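# Breakdown of the fold
Take a look at the letters that make up each chain.
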Amino acid sequence: MSPFDQAARSGAVLAPRAELGTLSVTGPDALTWLQGIVTCDVSGVAPGAGRWGLILTRQGKILADVLVVGGEGAVLLGIPGAALPRAHEYLASFLIMEDADLTDESATFAWLSLHGPKAASIAARIAERTSAAYGDVDVTGLGGAAVVVRREKEEAARQVALAEGAALASAEDWLGLRVERLVPAYGVDMDEQRSPHDVSLERRVVSWSKGCYLGQEAVCMQDMRGKVKRRLAVLRLDDGRVPVSGSKVFDGAAPVGETRSAANSAVFGAPVALAFLSAAAAVPGTELLVEGSRAEVVDPR
């Protein structure tokens, strides 16, 4: 296991999230309105507390994933830039009688994510020293936090994290970690053609105990039927080659899916890839072929 992998699992790693834009929700009804929009339960969001969720279409398809962080006087939403204009327009269309305002603050704020068991404590120190907003948001299952800082203080926030012992993640490091931990990226591993069940997020970013939200009926019906045609899963590849996105996956001679994000993994000791597979093929232990090379479906590690 590399020093980076050790830090992610016993300390903390810092991953700048330059791809995220920011929407700010303000006003007395900000949280109650947002509770009826996103899949996660935001009732407890406050400074220091955050969530990871999805914005769905009425048909239950993924418009964007979203990091939700409580700031002073505002709820901050981290949304992939590629999806932000559409998400902004879509969300604004549901602001009717609520006493809330929705503003694009992407030019003002930058996002940093921390992963590992010490992530939340380091995020708190960053907030203390740079007046950033932060929330305990765990997207990898290793522990985590999201930090929202004014752009002029982004470098200072990074330096605090490093001084507190966080390891800085390169783009390659972050790619490897999220593939190992089955964390799909919007625009690469998930899009508006996919549902939460398709991308294996239905138990991670969907609250099954809160009230209604956009797309809930479609998500609940799919869960009740228990029939998912395809699933996003982690593949370990045996020939040492990292597959390109879109590489075909076979069970014998039968096509069962294709790869998306892929990276070398010191944790698995082999390349790994996220792949959309038929539900029957997406079971850990299933042996498959990727463009003729042996692969196996594995649990995230």
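Residues numbered from 1 in each chain as written. Predicted model: local features only at pLDDT ≥ 70, side-chain atom pairs only at ≥ 80, totals over all residues. Heavy atoms only, no water.

Checked against the element boundaries, Asp299 lands in the segment after β16 (293-298). The spatial distance from the C-alpha of Asp299 to the C-alpha of Arg236 is 9.6 Å, given a sequence separation of 63 residues. For Asp299, the contacting residues outside a window of four places in its chain are Phe268 and Pro284. (Helix = DSSP H or I, 4+ residues; strand = E, 2+ residues; numbered from the N terminus. Contact = heavy atoms within 4.5 Å.)

Empty space within the largest pocket amounts to approximately 450 Å³. Arg17, Glu19, Trp174, Arg178 and Ala185 are the residues nearest the centre of the largest pocket, which is lined by 25 residues in total. Broken down by secondary-structure element, the contributors of at least two residues to the lining of the largest pocket are β1 (13-16), β4 (62-71), β5 (74-80) and α6 (171-180). The element best represented in the lining of the largest pocket is α6, accounting for four residues. (1 Å grid on protein atoms, 1.4 Å probe; cavity = no way out; pocket = protein on both sides within 12 Å on 5 of 7 lines; lining within 4 Å. Points joined across faces, edges and corners; volume = space filled by probe spheres on them.)

Glancing now at the packing of aromatic side chains. What describes a pair of aromatic rings is the distance from one ring centre to the other and the angle between the planes of the rings. Across all of its chains, the model carries one aromatic pair by this definition. On the basis of an interplanar angle of 80 degrees and a centroid distance of 5.1 Å, the ring pair of Tyr90 and Phe94 is categorised as edge-to-face. Residue Phe94 is classed as buried on the basis of its relative accessible area, which comes to 15%. (Phe/Tyr/Trp six-rings, centres within 6.5 Å; stacked < 30°, edge-to-face > 60°. Buried < 20%, exposed > 50% of the residue type's maximum accessible area, 1.4 Å probe, protein only.)

The tally for this structure, following the rule as stated, stands at one cavity of 30 Å³ or more. What the largest cavity holds in volume is close to 40 Å³. When residues of the lining of the largest cavity are traced back to their parent elements, those giving at least two are β7 (109-115) and β9 (144-150). Considering only residue class, the lining of the largest cavity consists of five nonpolar, two polar and one charged. (Nonpolar A, V, L, I, M, F, W, Y, C, P; charged D, E, K, R; others polar.)

Turning our attention to the packing of helix α1 (residues 3-10) against α6. It is the contact of α1 with α6, at a shortest axis distance of 11 Å, that shows an interaxial angle of 55 degrees. Overall, the two elements α1 and α6 adopt an arrangement that is oblique. In terms of crossing hand, the pair formed by α1 and α6 is right-handed. Counting all contacts with α1, which are made through Phe4, Asp5, Ala8 and Arg9, the residues of α6 involved are Asp173, Leu177 and Glu180. (Axes fitted to C-alpha atoms, helices over the stretch in contact; angles between N-to-C directions. Parallel < 35°, antiparallel > 145°, perpendicular 65-115°, else oblique. Left-handed = near helix turned anticlockwise from the far one by under 90°.)

Secondary-structure assignment places Leu23 in strand β2 (residues 20-26). Remark: the alpha-carbon pair of Leu23 and Val68, spanning 45 residues in sequence, is separated by 9.8 Å.

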